[in-house]
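These are the residues of each chain, in order.
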Amino acid sequence: MDTLGYLLLGFDTATSGWNLLYALIGVTFGQFVGVLPGLGPVAGTALLLPLTFGMSPVSAVIMLAGIYYGAMYGGTITSVLINTPGESASLMTCVDGYPLARQGRAGTALGVAAIGSFIGGLFSLFALILVGPVIAKYALKFGPPEYFALVVVGLALLIGLMGKSLVRGLISALFGLTLAFIGMDQLTGTIRFAFGEAHLEDGFEFISIAMGLFGLSEVFTTAEENLNAQAQKPPKIQNMLPRRDEWIPTLKAILRGSGIGMLLGLVPGTNSTISTILSYTVEKKVAKDPSRFGKGAIEGVAGPETANNAFAGAALIPLFTLGIPSSPAIAVLLGAFIMHGLTPGPTLMQKNPEFVWGVIASMFIGNLILLIMNLPLANAWARITMVPFKILLPNIIIIMIIGAYSLSNSIFDVAAMLAFGILGYLMKKVEFPLAPVLLSFVLGKILESSLLKSLTIFSGSFMPFFQRPIAATLLAIAFAIIAFSLYFGRKEKGAEAEM
């Protein structure tokens with residue numbers, strides 16, 4: 001079957017049975033999560049993951065993916081209307097979106113963001129359709145040594161992109177790796193670091209860690225900062241389209257944002273926030289009059305919002321083709337794959353075409369639903385910002401506790417989620433990044449498995465890693481990333497010391 005045939009099969013799956021309803025529920029809940037300041041796509045997907053136990057794998061992932069990219073759309077509304085980003089990737093939208101709202105052009109900012117998000121989402125989906133099968137075919141040549149080297153590259157990027165927080169990022173990543181090694185050894189069956197606690201023999205539940213670190217810690221932080229804050233009345237939204245002279249620069253910014261978001265989505269260890277910052281920087285650099293930025297430049301909204309959603313779709317490419325999560329939200333989706341008995345990687349497209357193409361087709365439908373939600377229904381979504389945090393936060397905590405308990409009907413999982421929530425809150429206080437913990441926890445299991453299998457094949461020798469072309473090249477890339485990160489980190493510190 002050719003690509004078009006698979007895509008038609010995917011649309012048949014995405015529109016059959018309950019899947020269309022699950023896509024609607026996913027994008028609606030994602031939009032809701034995105035509108036609420038504090039919660040983001042990671043917390044949103046982690047929150048509903050336990051509730052998908054009884055669903056079919058394709059329905060579950062269609063709904064969770066809808067939450068993921070729906071949250072990217074929703075974060076724009078609060079950024080533009082009340083200068084509060086719903087999630088971190090919407091931060092750059094505040095810079096020019098809020099000034100536009102103060103000029104009475106909130107509708108234009110939201111309209112451009114919705115159109116850019118829609119085009120960026122479609123752009124990344126076409127990339128997934130065209131590039132995904134090629135990567136998957138090539139990845140079939142990968143054995144355990146190549147997977148080990150690929151995970152090392154992912155970890156190197158994860159640490160290297162920490163910038164000034166390189167040491168903190170490294171400590172967070174090592175903590176995540178340590179968590180991954182708790183429980184039963186995958187080859188020998190030896191129990192490690194369980195300290196006699198039966199619940200730890202299988203290791204920590206991924207969802208407990210994700211909901212605690214990202215969901216509960218955000219609730220604590222929001223409660224501390226905004227619990228008694230008075231809700232602001234959002235301005236009325238009208239005139240959703242840009243002026244005639246703004247269309248060409250807007251479309252150019254959307255195209256550039258699509259390319260930036262798609263390329264960064266392919267890189268393990270990045271996140272959508274990086275793509276929005278890079279897109280905003282590019283727009284400011286190429287503008288004829290950069291002084292407009294920060295005062296209501298329409299390109300400052302179009303570029304980052306497009307990059308944000310292009311990243312969301314492109315980040316699925318390494319997950320579907322290699323089984324490697326490129327961001328914390330994608331790591332939660334990986335958890336959903338595993339929970340439903342699916343193994344993401346190069347054989348997924350061959351063995352489960354109905355599942356893969358069904359999810360891809362559902363994202364076309366989901367993006368169209370979100371475009372409708374964000375153009376004519378923007379005023380209705382803006383009213384959600386009026387709901388007091390005193391009402392929202394207790395309900396979110398209750399849903400999280402129910403979700404954690406439903407993992408295995410165990411109080412231990414609830415206690416673990418609460419403990420990771422407190423830990424995540426404290427890590428934010430001392431500015432330790434959370435993403436490396438979750439990503440290295442997921443990648444650590446793949447790293448250990450592929451390393452042990454490789455050493456079994458190589459009779460305990462490490463030299464064959466450097467004798468296989470793909471593995472040797474990937475390891476060389478990983479060493480180069482770490483070396484460049486250390487070099488530029490020291491150079492930056494030296495420059496700061498001289499100032």
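Residues numbered from 1 in each chain as written. Predicted model: local features only at pLDDT ≥ 70, side-chain atom pairs only at ≥ 80, totals over all residues. Heavy atoms only, no water.

(A) Broad picture of helix 16 (residues 353–374). Given a rise of 1.5 Å per residue, 22 residues ought to cover 32 Å, and the 31 Å separating the end C-alpha atoms of helix 16 matches this to within 8%. Most of helix 16 sits inside the fold, with 19 of its 22 residues counted as buried. (Helix = DSSP H or I, 4+ residues; strand = E, 2+ residues; numbered from the N terminus. Expected span 1.5 Å × (residues − 1). Buried < 20%, exposed > 50% of the residue type's maximum accessible area, 1.4 Å probe, protein only.)

(B) Examining the packing of helix 14 (residues 328–339) against helix 20 (residues 435–457) more closely. Direction vectors running N to C along helix 14 and helix 20 enclose 35°, while the axes themselves pass 9 Å from each other. As helix 14 runs across helix 20, the sense of the crossing is left-handed. Side by side, helix 14 and helix 20 meet where Pro 328, Ala 331 and Leu 334 of the first sit next to Ala 435, Leu 438, Leu 439 and Val 442 of the second. Classifying every residue of the contact of helix 14 with helix 20 by side-chain character gives seven nonpolar, no polar and no charged. (Axes fitted to C-alpha atoms, helices over the stretch in contact; angles between N-to-C directions. Left-handed = near helix turned anticlockwise from the far one by under 90°. Contact = heavy atoms within 4.5 Å. Nonpolar A, V, L, I, M, F, W, Y, C, P; charged D, E, K, R; others polar.)

(C) Local environment of the nonpolar core. Judged by nonpolar contacts, the single largest core of 143 residues is most densely connected at Tyr 68, Phe 206, Phe 320, Phe 355 and Ile 360. In contact with Ile 360, other than residues within four places in its own chain, are Leu 7, Leu 125, Leu 128, Ile 129 and Phe 320. Residues Tyr 280, Ala 287, Phe 293 and Ala 297 belong to the second largest nonpolar core, which totals five residues. (Core = buried A, V, L, I, M, F, W, Y, C linked by side-chain atoms within 4.5 Å.)

(D) Highlighting the packing of helix 6 (residues 106–139) against helix 16. Here helix 6 crosses helix 16 at 170°, and the two axes come no closer than 9 Å. Taken together, the axes of helix 6 and helix 16 are roughly antiparallel relative to one another. Contacts from Ala 114, Ile 115, Ser 117, Phe 118, Gly 121, Leu 122, Leu 125, Phe 126, Leu 128, Ile 129 and Pro 133 in helix 6 reach Trp 357, Ile 360, Met 363, Phe 364, Asn 367, Leu 368, Leu 371 and Asn 374 in helix 16. Class assignment of the residues belonging to the contact of helix 6 with helix 16 gives a composition of 15 nonpolar, four polar and no charged. (Parallel < 35°, antiparallel > 145°, perpendicular 65-115°, else oblique.)

(E) Examining the UniProt feature "transmembrane region" (unreviewed entry) in the protein more closely. In the UniProt entry, the feature "transmembrane region" (unreviewed entry) is given for residues 46–71, 109–135, 147–163, 169–187, 319–343, 355–375, 387–405 and 470–489. End-to-end, the C-alpha atoms of residues 109–135 are 37 Å apart, and along that stretch the chain is 100% helix and 0% strand. Split by type, residues 319–343 is 64% helix and 0% strand. Its first and last C-alpha atoms lie 10 Å apart. (UniProt positions renumbered as here; feature names shortened; annotations may be inferred.)

(F) Expanded view of the packing of aromatic side chains. The full count for this structure, using the stated rule, is 13 aromatic pairs. Geometrically, the ring pair formed by Phe 148 and Phe 465 is tilted, given 5.1 Å between the ring centres and 50° between the ring planes. With Phe 148 in helix 7 (residues 144–160) and Phe 465 in the loop between helix 20 and helix 21 (469–498), this residue pair connects regions lying 317 residues apart in the sequence. You can call Phe 148 buried: its relative accessible area is 13%. On the numbers, 5.9 Å between centres and 35° between planes, the contact of Phe 320 with Phe 337 is tilted. Separated by 17 residues along the polypeptide, Phe 320 in helix 13 (residues 316–322) and Phe 337 in helix 14 bring together distant segments of the chain. Residue Phe 320 is classed as buried on the basis of its relative accessible area, which comes to 1%. A relative accessible area of 1% places Phe 337 in the buried class. Put simply, the rings of Phe 148, Phe 458, Phe 462 and Phe 465 touch in pairs and so form one group of aromatic residues. (Phe/Tyr/Trp six-rings, centres within 6.5 Å; stacked < 30°, edge-to-face > 60°.)

(G) Spatial organisation of the environment of Thr 93. Looking at the secondary structure, you find Thr 93 in helix 5 (residues 91–102). On a C-alpha basis, the gap between Thr 93 and Gly 75 in space is 9.2 Å, while along the polypeptide they are 18 residues apart.

(H) Representation of the side chain of Ser 124 in the model. Within the element layout of this structure, Ser 124 appears in helix 6. Among the polar contacts listed, one links the side chain of Ser 124 to the backbone oxygen of Gly 121, at a separation of 2.9 Å. (Polar contact = N/O pair within 3.5 Å; in protein donor to acceptor, adjacent residues only side chain to side chain.)

(I) Representation of a negative patch on the surface within the structure. Taken together, the side chains of Glu 197, Glu 201, Asp 202 and Glu 205 define an acidic patch exposed on the protein surface. You can see Asp 202 is positioned in the loop between strand 2 (191–192) and helix 9 (206–226). Classification of Asp 202 as exposed rests on a relative accessible area of 66%. (Patch = residues over 30% accessible without salt bridge, like charges linked within 9 Å, V, L, I, M, F, W, Y side chains within 5 Å. Areas by Shrake-Rupley, 256 points an atom, 1.4 Å probe, with all protein chains shown as cover. Salt bridge = Lys/Arg side-chain N within 4 Å of Asp/Glu carboxyl O. Lys, Arg positive; Asp, Glu negative; His and termini not counted. Charge placed at Lys NZ, Arg CZ, Asp CG, Glu CD.)

(J) The arrangement of the pattern of salt bridges in detail. Summed over all chains, the structure comprises seven salt bridges. The residue Glu 246 makes a salt bridge to Arg 105 at a minimum N-O spacing of 2.7 Å. Taken together, the positions of Glu 246 in the loop between helix 9 and helix 10 (247–265) and Arg 105 in the loop between helix 5 and helix 6 put the pair 141 residues apart, joining distant regions of the chain. Pair check on accessibility: Glu 246 and Arg 105 agree, each one buried.

(K) Region of the structure containing a nonpolar patch on the surface. A surface patch of nonpolar side chains, amounting to about 390 Å² of accessible area, comprises Trp 18, Leu 21, Leu 24 and Ile 25. Judged by relative accessible area, which is 36%, Ile 25 ranks as partly exposed.

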